[in-house]
Every structure is written in C-alpha cells, then in structure tokens.
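# Summary of structural features
Residue-level listing of the chains:
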Amino acid sequence: MINDKAKAAHRLKCDDIRELLIEYFLRELGQNRSDLVREHLRKCEDCRATAAELSDTVDLLRSTMHDPEEPQRLSDESRRRILHAISHPLLDWMSRHHTLVSTVVVIITLLVAGLLLRDIRIRRDLPEAIEVEVLKEAVITDEYYEE
Amino acid sequence: MQDKLKANVAKHERLEQFNAIVSEYEAALLRYAARLLGNSSAAEDVVQEAFIKLYRRWEGTLEPSAGLSAWLYRVVHNQAVDYIKKESRRSDAHQRHIEEHAVMSAPSRPGANRSADETRLNVRDALEKLPLRERELVVLKIFENKSYKEISEITGLTTGYVGNILHHAMKRLTEILKDTGAL
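These remarks concern the structure in this document. Quantities reported herein were computed from a predicted structural model and do not represent experimental measurements.

### Examining the interface of chain B and chain A
Contacts between the two partners involve 45 residues from chain B and, on the opposite side, 37 residues from chain A. Carbon and sulfur atoms make up 58% of the area that chain B and chain A hide from each other, which totals about 3,800 Å². In this structure, the connection of chain B to chain A is made through six salt bridges. Arg81(A) is the partner of Asp45(B) in a salt bridge, and the nearest nitrogen-oxygen pair spans 3.9 Å. Put simply, chain B and chain A have 17 residue pairs in polar contact (both at pLDDT 80 or more) between them. Elements with a minimum of two residues in the side of chain B that touches chain A: α1 (2-37), α2 (40-57), α5 (113-128), α6 (132-143) and α8 (159-179) of chain B. Here the side of chain B that touches chain A takes ten residues from α2(B), the largest share from any one element. A class-by-class count of the residues in the side of chain B that touches chain A yields 23 nonpolar, nine polar and 13 charged.

The following block contains the structure:
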C-alpha cells in the first residue's frame, strides 16, 4: 500500500504537486492526496523548496494576524448610529438621501411660493378690474337711457 | 392594546438578539473589512452598514449560525466593493489614501515592536497589491481560518475555484513579499 502511494507520488509531475501545495498546508486536501504530496516532497528537492517558501508566506501572514491597530469592537458612535437607523428608518433614509430630500424640498417651496405670489397678484388686481367693469356698465346704462 | 404590547415585546426581543449578534461578529467583521480596505475607519462604516442591513433584511431568527455568518461576510464584501468604487471616483482619493496610510503605518512604539510593525506593514502592502477577489480569499482562509466550503458559501464561488484563486494569490503574495525583503 505504502509502495503504491510512493509510486503514484513519483508519477505526479512537479507542476501538479505545486498546484496542491497551498491546499496541503491549509489542510484542505483529503488523506490520500496529502499522502501523495508528502511522499513527493520527500523525494523532490525543488518542490520541497517551493513548499518551504509557501509555508514561510503562510507563517508570515499569520504572524501579523493580531494587529493592535485594528479595532476589536464598533465604536459607541457606530452603535448609536445603528440603533438610530433601525429605530427610525424614515429619518435614516432621509439623512442618507439628503441631496434628494433637499432638492425636493426646494422644488416644493418654489412651487408654493409661486402659487402664493400669483394669488396675491390676483387679489391685488381684482378690485381695480371690478371697478373698471362697474364703470363700463354704468356708462353703457347711461347711454342706453339717454337714447 | 394586547396586540400592541405583544408587538413591543417581540421588538424588544429581536433587538436583544440583534445586540448579541453584533457582539458575536463585530470583531471578526471589522478585522475582515480592515484587511480588505486597508483602512480602519472605512471598515467601521462598512460593518455598521452590514449590521443595519442584517436587522432590516434578515427574515429568520437572529441567532449565530453558519448561514448568518456567511451572509454577513458577503454583505461586508459587497459594501467594501462599493466603498472602493466610490473612493476611486473621487479625484483626491489617492492623496487621502497615502495620508491615511502614513498615519496607520507610522510605527507606534519604538524598539522591539518596530520590526513587528514593519512586518505588518509589509504584509498589508502586499495584500493591497492583490486584486480584491484574491485578497478576500487570502483574508478568509489565512486570517479567518474559514474552510473552502465556508468560503464558497460567502463568495458564491465553487470550492474548486476557491482553491485555484487561492493558489495563484499565494504565489503572487510570496513573490511580492520576496521582492520587498519580508521573506
């Protein structure tokens, strides 16, 4: 059995083995393929060097795993923002889309102002117009009786 | 009246479950986002958004589970991608990144810790040179110690493809670290 594995490992090309190295180090290979890689590494110096390099890379990366500069928990400000967002979804939506909300508010304000101005102008001009109409009416009536 | 009371109790319970989930996953997600983005404050924003989305969109019970964990990592990844796109659109992004990096990379303690800081800086720089997908897989596998199956659930990639990308990413990382003299 062991001899069979040794033969199979020997038959595998170095490129095939190198493709498997990362999975081998990260223990993602099944037992059989791990044995093949191990057997090949025992005999092939080049692959052994590549494996050592890869192993060093993994070790180096893992040595920097605990970075004291990285935050371990969310800040109080973030927690407060989360709580606000989930308790007041509408206000949260408005503050996220503040540009859109501001634009809509400005448009509505302009529309309302326009309507009000038109209304004021009509109210201001209306008595004058009525007066003119009444006078016209009176003139017509006078002319009629004179005739 | 009783319905309103029941609704309030249910809301309170959900909020408590949510707080427990935040405490359970915040450290891992902050670490993951910080390594993807190379920026702690952006990482905090991204994780905060992920938790808000969780509360609004997660339909099941808020209990720690593999499915919920994969969902959170996926949302953080998507948020990080959005953040990177938004940042790259800003004209002064590059300058700001350099400044932030200078602050983050400044050795905080003299003496013995300096070399550890340098190593961390070299690793961070090397990671930033990888495409985002490769960086994501390296962080999930090497730092977060996720299995290929878990990574597949988080990224939506097949386990075979995960192995393939990781193989190329590690090869590239080794080259970069060798070039910078870290290896």
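### Comments concerning the packing of aromatic side chains
A complete count under the given rule lists five aromatic pairs over all chains for this structure. Ring geometry for Tyr24(A) against Phe25(A): centres 5.6 Å apart, planes inclined by 65 degrees, an arrangement best described as edge-to-face. A relative accessible area of 18% means that Tyr24(A) is categorised as buried. Residue classification places Phe25(A) among the partly exposed residues on the basis of a relative accessible area of 27%. On the numbers, 5.8 Å between centres and 70 degrees between planes, the contact of Trp58(B) with Trp71(B) is edge-to-face.

### Considering helix α3 (residues 31-43) of chain A
Owing to its 3.6 residues per turn, the α-helix brings residues three or four apart onto one side. If you check α3(A), its first and last C-alpha atoms are 19 Å apart, about what 13 residues at 1.5 Å a residue would give, namely 18 Å. Where α3(A) is concerned, the buried positions are Ser34(A), Asp35(A), Leu36(A), Val37(A), Glu39(A), His40(A) and Leu41(A).

### Here's the deal with the pattern of salt bridges
Taken as a whole and judged by the stated rule, the model has 19 salt bridges over all chains. Arg96(A) is the partner of Asp92(A) in a salt bridge, and the nearest nitrogen-oxygen pair spans 2.7 Å. In this pair, Asp92(A) and Arg96(A) both sit in helix α6 (residues 89-96), four residues apart, roughly one turn of the helix. You can call Asp92(A) buried: its relative accessible area is 7%. Judged by its relative accessible area of 35%, Arg96(A) is partly exposed. Here Asp119(A) and Arg123(A) are joined by a salt bridge, their closest N and O atoms 3.1 Å apart. Here Asp119(A) and its partner Arg123(A) are both found in helix α7 (residues 98-146), four residues apart, which amounts to about one turn of the helix. The network of salt bridges with common partners includes Glu77(A), Arg80(A), Arg81(A) and Asp45(B).

Quick notes on the rules
- Residues numbered from 1 in each chain as written.
- Chains lettered and ligands numbered in written order.
- Predicted model: local features only at pLDDT ≥ 70, side-chain atom pairs only at ≥ 80, totals over all residues.
- Heavy atoms only, no water.
- Contact = heavy atoms within 4.5 Å.
- Buried area = accessible area lost by both parts, 1.4 Å probe.
- Salt bridge = Lys/Arg side-chain N within 4 Å of Asp/Glu carboxyl O.
- Polar contact = N/O pair within 3.5 Å; in protein donor to acceptor, adjacent residues only side chain to side chain.
- Helix = DSSP H or I, 4+ residues; strand = E, 2+ residues; numbered from the N terminus.
- Nonpolar A, V, L, I, M, F, W, Y, C, P; charged D, E, K, R; others polar.
- Phe/Tyr/Trp six-rings, centres within 6.5 Å; stacked < 30°, edge-to-face > 60°.
- Buried < 20%, exposed > 50% of the residue type's maximum accessible area, 1.4 Å probe, protein only.
- Expected span 1.5 Å × (residues − 1).

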